Amino acid sequence: MSNVFSLRRVAGTMLAAAILASSAYAQAPKATAVDLLFERKHLENVKAGDKLSYRFSRDVTKPDLLGQPFADDVTVDIRKIAADGTREVDVRIFTGERARDPQVIDGMTGNPILVIFLDRSVSSYVALAGGKVPYLKDRFRSALRDRATIEPVKVKLGDKTVDGHRVTISPYSSDPNASKMQGYENSSFSVVVSDAAPGHFVELSALYENTKKEAPRLEEKLVMAGAEVLK
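Residues numbered from 1 in each chain as written. Predicted model: local features only at pLDDT ≥ 70, side-chain atom pairs only at ≥ 80, totals over all residues. Heavy atoms only, no water.

What is the right way to look at the overall build of the protein in this model?
Assigned secondary structure in the protein consists of seven helices and 10 strands. Scored against the burial criterion, the 231 residues of the protein give a buried share of 49%. Here the analysis covers contacts within the protein between residues at least 6 apart in sequence; of these, 58% occur between residues at least 24 apart. Accessible surface for the protein amounts to roughly 11200 Å². Of this, 49% is attributable to carbon and sulfur atoms. (Helix = DSSP H or I, 4+ residues; strand = E, 2+ residues; numbered from the N terminus. Buried < 20%, exposed > 50% of the residue type's maximum accessible area, 1.4 Å probe, protein only. Contact = heavy atoms within 4.5 Å. Areas by Shrake-Rupley, 256 points an atom, 1.4 Å probe, with all protein chains shown as cover.)

In structure tokens:
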């Protein structure tokens, strides 16, 4: 996985100012995508010794072209809490032969699972549709800032049902270069969050669908262990 959104840069406010220039949005009376995803201190409701566990799944319609589907685990261990309330975390992406090198990051208030999702989303899009990473990343940022849709959802956490929000974007659907994107310009990305969920993030999904029916379809998800988004 390429460092499109580097885990080393997610300490503090999860890149809210640097990535999305979001300070004005954080003050809005109604929650925006930037507020929900970047401004909140996602790790405030987890303590030292807690582990956030997510199940990653990759489903494809044409494995001969896109590779075999698989499922694996991603974990974020809360190692310690500093006096200022920030967390030191140990991030593990996949297991066995797929495992990435573990990363220990301190000074965290945001959950790095979001950056993992953003990084993979752009990387997977490049693999399918082509294009330059800086350009695609910039369009992704703009969509989160200006064109995201937000809807209320219910989330099941164990035996409890709690309130949440789903943030959805299609960052390339109206892009001036959409005709060069191999038919994948309508791909969509969504993130479900809940303040009641440990670490805030419940489900992060990317759906890469082509305008040509015969083209391969790819869906990737990260889902918190023990959680379910109720339809």
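Whenever I open this one, the pairing of strand β5 (residues 149-157) confuses me. Can you help?
Every regular strand shows the same layout, with side chains that alternate between the two sheet faces. In this sheet, strand β6 (residues 160-169) lies alongside β5 in antiparallel orientation, the contact comprising nine bridges. In the sheet register, V153 faces β6, and the bridge partner there is G164. Alignment of β5 against strand β10 (residues 227-230), held across four bridges, turns out to be antiparallel. Bridging across to β10, K156 finds its partner in E228. (Pairing = 2+ DSSP bridges.)

What is the right way to look at the environment of R141 in this model?
Note that R141 resides in helix α7 (residues 133-146). Assessed through its relative accessible area of 21%, R141 is described here as partly exposed.

Would you mind showing me how to read the pattern of salt bridges here?
If charged atoms from side chains of opposite charge come close, those side chains can pair. Tallied over the entire structure, the rule returns 17 salt bridges. A salt bridge links D77 to K51, with the shortest nitrogen-to-oxygen separation between them at 4.0 Å. Of this pair, D77 sits in strand β2 (residues 70-81) while K51 is found in strand β1 (residues 51-60), placing the two residues 26 residues apart along the sequence. Residues R98 and D72 are paired through a salt bridge, measuring 3.3 Å at the closest nitrogen-oxygen approach. Of this pair, R98 sits in the loop between β3 (87-93) and β4 (103-108) while D72 is found in strand β2, placing the two residues 26 residues apart along the sequence. On the basis of relative accessibility, which here comes to 3%, the residue D72 falls in the buried class. Connected through salt bridges with shared partners, the residues R79, E88, D90 and R92 form a single ionic network. (Salt bridge = Lys/Arg side-chain N within 4 Å of Asp/Glu carboxyl O.)

Could you clarify how one ought to interpret unusual backbone geometry in this entry?
Excluding glycine, residues mostly carry a negative phi; peptide bonds, for their part, are mostly trans. Of note, Q182 is a non-glycine position whose phi angle comes to about 60°, a positive value. The residue Q182 is located in the loop between β6 and β7 (188-193) in this model. Even without glycine at this site, H200 takes up a positive phi of about 85°. Looking at where H200 falls in the secondary structure, it is placed in the loop between β7 and β8 (201-208). Residue classification places H200 among the buried positions, given a relative accessible area of 5%.

Looking at this model, I keep getting lost on the nonpolar core. Mind explaining?
Within soluble globular proteins, side chains that are nonpolar generally end up buried alongside one another. Ranked by size, the top nonpolar core spans 59 residues in total, and within it L37, Y125, F189, F201 and L222 carry the most contacts. Take this core: its biggest share by element is nine residues, from helix α6 (residues 113-129). Those residues in contact with F201 that lie beyond four places of it in its chain are L37, H42, Y54, N111, I113, L114, V191, V192, V193 and M224. (Core = buried A, V, L, I, M, F, W, Y, C linked by side-chain atoms within 4.5 Å.)

Sorry, what's going on with the sheet that holds β1 here?
Strand pairing in a sheet relies on backbone hydrogen bonds. The paired strands run either parallel or antiparallel. Taken in spatial order, the 10 strands make up an open sheet running β4-β3-β2-β1-β9-β8-β7-β6-β5-β10, and their pairing is antiparallel. Of all strands in the sheet, those bounded by a partner on one side alone are β4 and β10. For this sheet, the mean angle separating the axes of adjacent strands, direction not counted, is 25°. Most of the contacts of α6 go to β8, to which it runs at about 5°, and overall it touches β1, β2, β3, β7, β8 and β9 (218-224). (Axes fitted to C-alpha atoms, helices over the stretch in contact; angles between N-to-C directions.)

Any chance you could explain the environment of D106 here in plain terms?
On the secondary structure map, D106 appears in strand β4. Along the primary structure D106 and I78 are separated by 28 residues, whereas in three dimensions their C-alpha atoms are 9.8 Å apart.

Help me understand α6, please; the structure alone is not making it clear to me.
A turn of α-helix holds 3.6 residues, and therefore any two residues three or four places apart point the same way. Compared with an ideal rise of 1.5 Å per residue, which puts 17 residues at 24 Å, α6 spans 24 Å between its outermost C-alpha atoms and is within 8% of the ideal. Within α6, 15 of the 17 residues are buried, leaving the element largely enclosed by the surrounding structure. (Expected span 1.5 Å × (residues − 1).)

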